[in-house]
Amino acid sequence: GPRRCILVADDVAANRLMLSEMLRHLGFDVQEAADGQAALDSIRRAPPDLVLMDVRMPVLAGLQATARLREDPAMQMLPVIAVSANASLDDQQRCKAAGADAFLAKPVDRGQLIGLLTQTLQLRWRSA
């Protein structure tokens, strides 16, 4: 199928790089944002197919950015996967309450990431 685009929003450059490289190797186009406000701006300019949103970032945190996305009728269906090192049940529930479709704990496990991408984007994988 067509190449999908994923926005990686994380304030830590090393985290963005790691996720971006992992996604590129899987065949995705990748956009990056260093905070929640930059993520919202990027989404408005060129909507991706999915957002990996770090929960804690400066300027505008990921939870607030996700909640703002859900307020926009044009962006309510955009899949958002919250990403956080705080993986308690309370943290996961806060992410869901803000509008995240799924939760991914840091450090990111490649298999879990692929599983969430498969489920969220309804992908069928093929080998090249």
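See the structure shown above.
Note that this is a predicted model, so its numbers are computed, not measured.

Q: How should the pattern of salt bridges be read in this particular structure?
A: A side chain with one charge may pair with a side chain of the opposite charge, provided their charged atoms come close. Following the criterion strictly, the structure yields eight salt bridges and no others. In this structure, R3 and D29 form a salt bridge, with 3.0 Å as the shortest nitrogen-oxygen distance. Within this pair, whereas R3 is found in the segment before β1 (5-9), its partner D29 is found in strand β2 (residues 29-33), the two being separated by 26 residues in sequence. Look at D29 and you get partly exposed, because its relative accessible area is 34%. Among the ionic contacts, a cluster of salt bridges with common partners joins D10, D54 and K106.

Q: Could you clarify how one ought to interpret the sheet that holds strand β3 (residues 50-54) in this entry?
A: Picture the strands of a sheet paired through backbone hydrogen bonds; they go either parallel or antiparallel. Reading across the sheet, the five strands line up as β2-β1-β3-β4-β5 and stay open at both edges, with parallel pairing between neighbours. Strands at the two margins of the open sheet, each flanked by one partner only, are β2 and β5 (102-105). For this sheet, the mean angle separating the axes of adjacent strands, direction not counted, is 20 degrees. With four bridges joining them, β3 and strand β4 (residues 80-84) adopt parallel strand pairing. Residue pairing across strands places M53 opposite A82, the latter belonging to β4. Against the sheet, helix α5 (residues 110-121) engages β1, β3, β4 and β5, with an angle of about 170 degrees to β5.

Q: Hey, could you run me through the packing of helix α2 (residues 36-45) against helix α3 (residues 62-71) in this one?
A: Helix-helix packing is described using two parameters, namely the angle between the two axes and the distance between the axes. The interhelical angle for the contact between α2 and α3, taken along N-to-C directions, is 30 degrees, at an axis separation of 8 Å. Looking at the two axes, α2 sits roughly parallel to α3. In the crossing of α2 with α3, the sense of the turn from one axis to the other is right-handed. For the pair formed by α2 and α3, the contact residues are G36, Q37, L40 and I43 on the first element and A65, R68 and L69 on the second. Residues that form the contact of α2 with α3 fall into these classes: four nonpolar, two polar and one charged.

Q: Mind showing me how you'd approach the side chain of S84 here?
A: In this fold, S84 is placed in strand β4. In this structure S84 touches D54, V55, F103, L104, A105 and K106, once residues within four positions along its chain are discounted.

Q: In this structure, what is going on with α2? I would like to understand it.
A: Quick reminder: α-helices carry 3.6 residues per turn. Residues three or four places apart thus point the same way. Among the residues making up α2, those that are buried are G36, A39, L40, S42 and I43. On an axial view of α2, the arc spanned by its buried residues comes to 165 degrees, and they lie on one face. Structural note: α2 exposes R44 and R45 on the side pointing more than 90 degrees away from its buried face. Looking at the buried residues of α2, the elements they touch are β1, β2, β3 and α3.

Q: For this particular structure, what's the right way to read the pairing of β5?
A: Both faces of the sheet carry side chains from a regular strand, because those side chains alternate between them. Where β4 lies against β5, four bridges are found, and the strand directions are parallel. The residue of β5 that forms the bridge with V83 is L104. As for the winding sense of the linkage, the β-α-β connection from β4 through helix α4 (residues 89-98) to β5 is right-handed.

Calculation criteria
- Residues numbered from 1 in each chain as written.
- Predicted model: local features only at pLDDT ≥ 70, side-chain atom pairs only at ≥ 80, totals over all residues.
- Heavy atoms only, no water.
- Salt bridge = Lys/Arg side-chain N within 4 Å of Asp/Glu carboxyl O.
- Helix = DSSP H or I, 4+ residues; strand = E, 2+ residues; numbered from the N terminus.
- Buried < 20%, exposed > 50% of the residue type's maximum accessible area, 1.4 Å probe, protein only.
- Pairing = 2+ DSSP bridges.
- Axes fitted to C-alpha atoms, helices over the stretch in contact; angles between N-to-C directions.
- Contact = heavy atoms within 4.5 Å.
- Parallel < 35°, antiparallel > 145°, perpendicular 65-115°, else oblique.
- Left-handed = near helix turned anticlockwise from the far one by under 90°.
- Nonpolar A, V, L, I, M, F, W, Y, C, P; charged D, E, K, R; others polar.
- Arc of directions from axis to C-beta.
- Right-handed = clockwise from strand over helix to strand, strands pointing away.

That's the geometry; what it means functionally is another story.
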